[in-house]
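Take a look at the letters that make up each chain.
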Amino acid sequence: MADTLTIIDNRTGRQYEVPITDGAIRAMDLRQIRTADDDFGLMTYDPAFQNTASCRSRITFIDGDKGVLLYRGYPIEQLAERSSFLDVACLLLDGELPTADQRQAWTSAITAQQRPPAGSERLLPGFPRDAHAMGVFVSLVGALSTYYPDAKKVTDPDNRRRQIERLIGHVPALGAWAYRHNRGLPLVEPDPSLSYAGNFLRMLFKEDGREYEPHPVLERALDILFILHADHEQNCSTNAMRGIGSSHADPFSSLAGAAAALYGPLHGGANEAVLRMLLEIGSTDRIPEFIKRVKAGEVRLMGFGHRVYKSYDPRARIIKRTADEVFAVTGRNPLLDVAIELERIALEDEYFVKRRLYPNVDFYSGLIYQAMGFPVEMFPVLFAIPRTAGWLSQWDELMRDPEQKIARPRQLYVGPSRRDVPES
Ligand code: CMC
């Protein structure tokens, strides 16, 4: 059986043979299909990239039908159980889990970068007191490019590595700053003796004049959530990271663009939207009425549905389990009953069954975040911090890929043909 596709162009009667590699044909192979010499050639039309691969990647694999998620071949369930977030970040970047020596070197490299430049701290008073934490985060990440002009040398792998360490090191502090700015609280200096998640919790919640020790269960739960959010192949924000990176913009600018893409309620902003939705529903007896509105197309059931997963999102399953451990410490979030009942009703309802809509990563994460004391505006920031590792791994892969060029889709122009402006 030949790995080719035979195409007959019924406009001309001509036949073409196009190779199939890794289950795909190359869109450029269609360009030869023309009706005349001056014809541009056949294109594909794929709004929202529903069936177009934009890259070859070795980082993350998803089987949406079976609910499988692998980072560099390792199942997400095993990584969540046996690894730390920093190990996973190293895995995503380098392709292998670190050895003991590598772990030590990598952890030191990240801890050495925990403190963003003093100049970026001075930007904080410029933001309104009630600024959305994600708006502050996106701005602070973008502003970093002005402090690190050397980051422009994106074709130099060593230089890229330096910026990657800076970004992974800096983002917890930037997220914590956004939170403390909203509350008018003084900033807390990083503590290099703590884990990545533990230090972040301390920078957020340490009270003036009092020591802070992260609760080990909450610290581990946050680390697991970070692992689950670290990468998810070519989603909207990663596509933004690669798209901006493809013009050889510096990584701080690219990552600010990726974080901005994540902010939207259809993507990383969904965790915030889920919690607002659960608060609006308020009690289980109001669920049927809400489901009616969803089915009438008035609102979406936030935290449900996914472009790739057409079965239960494996991350949602792990989060649901982690929630029990967190609630054992913090007390049960009363909205959990609403979420569980909402899920039960939705999974039995024909509307959701027919469309294969299942809970995604955002459905339960907000309940944990809220129980841990995070305000809803921080939820997308809690997604962006770990996704930084994924965005940078994807960016580094892009920069190493000889097939990549500046991202520049085609369009089908359907506007007016050439016409003259009336003479007045
Ligand atoms: N509630 C109600 N109906 C839905 C939902 C939902 N959450 N999601 C999809 N549908 C319906 C949609 O109306 C459409 O119905 P019809 O065929 O009758 O027009 C059908 O299901 C297919 O939906 P789609 O919008 O074409 O699917 P998509 O692949 O373009 O969108 C999605 C994927 C995640 C944007 C969408 O499911 C959604 O808006 N979900 C809610 C937001 C959310 O939870 N986002 C987080 C995604 S996971 C974390 C991340 O990666 O950021």
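Before going into details, it helps to say that this report is about the structure given with it. Keep in mind the model is a prediction, meaning the values are calculated, not measured.

**Overview of the environment of Thr146**
By the element assignment, Thr146 lies in helix α5 (residues 133-147). By relative accessible area, Thr146 is classed as exposed at 59%. The spacing of Thr146 and Phe252 is 106 residues in sequence and 9.0 Å in space, taken between C-alpha atoms. Among the polar contacts made by the side chain of Thr146, one reaches the main-chain carbonyl oxygen of Ala143 at a distance of 2.6 Å.

**As for helix α8 (residues 216-229)**
Over its 14 residues, α8 runs 20 Å from end to end, which matches the ideal 20 Å to within 8%, given 1.5 Å per residue. Among the 14 residues that make up α8, 11 are buried, leaving the element largely enclosed by the rest of the structure. Along α8, the residues that are buried comprise Leu218, Glu219, Ala221, Leu222, Asp223, Ile224, Leu225, Phe226, Ile227, Leu228 and His229.

**Focus on the pairing of strand β2 (residues 14-19)**
Examined bridge by bridge, strand β1 (residues 4-9) and β2 share six bridges and lie antiparallel to one another. Among the inter-strand pairings, Asp9 is bridged to a residue of β2, identified as Arg14. Once β1 ends, the chain turns through four residues before running back antiparallel as β2, passing Gly13 with a positive phi of about 80°.

**So, unusual backbone geometry**
In this structure, His248 is a non-glycine residue whose phi angle is positive, near 65°. Residue position: His248 is located in the loop between α9 (236-245) and α10 (251-263). In this structure, Arg356 is a non-glycine residue whose phi angle is positive, near 55°. For Arg356, the location among the structural elements is in the loop between α15 (350-354) and α16 (362-371).

**Some points on the site of the ligand**
Neighbouring the ligand are 20 residues, the closest being His267, Arg300, Leu301, Gly303 and Arg307. In the environment of the ligand, a nitrogen atom lies 2.7 Å from a nitrogen or oxygen atom belonging to the backbone of Leu301. For the ligand, whose unbound accessible area comes to 940 Å², protein coverage reaches 73%. Class assignment for the residues of the shell around the ligand results in 10 nonpolar, six polar and four charged.

**Some details on the packing of α5 against helix α17 (residues 379-400)**
In contact at an axis separation of 8 Å, α5 and α17 are set at 30° when each is read in the N-to-C sense. Between α5 and α17, the angle is such that the two are roughly parallel. Helix-helix and strand crossings are classified by hand; for α5 and α17 the assignment is right-handed. Of α17, the residues touching α5 (which contributes Ala133, Met134 and Phe137) are Pro380, Val381, Ala384 and Ile385. Residue composition of the contact of α5 with α17, grouped by class: seven nonpolar, no polar and no charged.

**Notes on the sheet that holds strand β4 (residues 68-71)**
Across the sheet, which stays open at both edges, the three strands sit in the order β3-β4-β5 with antiparallel pairing between neighbours. Here the strands that pair on one side only, and so sit at the sheet edges, are β3 (60-63) and β5 (74-75). Bridge analysis of β4 against β5 gives two bridges, and the strand direction is antiparallel. Within β5, the position partnered with Tyr71 by the bridge is Tyr74.

What counts, and at which threshold
- Residues numbered from 1 in each chain as written.
- Predicted model: local features only at pLDDT ≥ 70, side-chain atom pairs only at ≥ 80, totals over all residues.
- Heavy atoms only, no water.
- Helix = DSSP H or I, 4+ residues; strand = E, 2+ residues; numbered from the N terminus.
- Buried < 20%, exposed > 50% of the residue type's maximum accessible area, 1.4 Å probe, protein only.
- Polar contact = N/O pair within 3.5 Å; in protein donor to acceptor, adjacent residues only side chain to side chain.
- Expected span 1.5 Å × (residues − 1).
- Pairing = 2+ DSSP bridges.
- Near = heavy atom within 4 Å.
- Areas by Shrake-Rupley, 256 points an atom, 1.4 Å probe, with all protein chains shown as cover.
- Nonpolar A, V, L, I, M, F, W, Y, C, P; charged D, E, K, R; others polar.
- Axes fitted to C-alpha atoms, helices over the stretch in contact; angles between N-to-C directions.
- Parallel < 35°, antiparallel > 145°, perpendicular 65-115°, else oblique.
- Left-handed = near helix turned anticlockwise from the far one by under 90°.
- Contact = heavy atoms within 4.5 Å.

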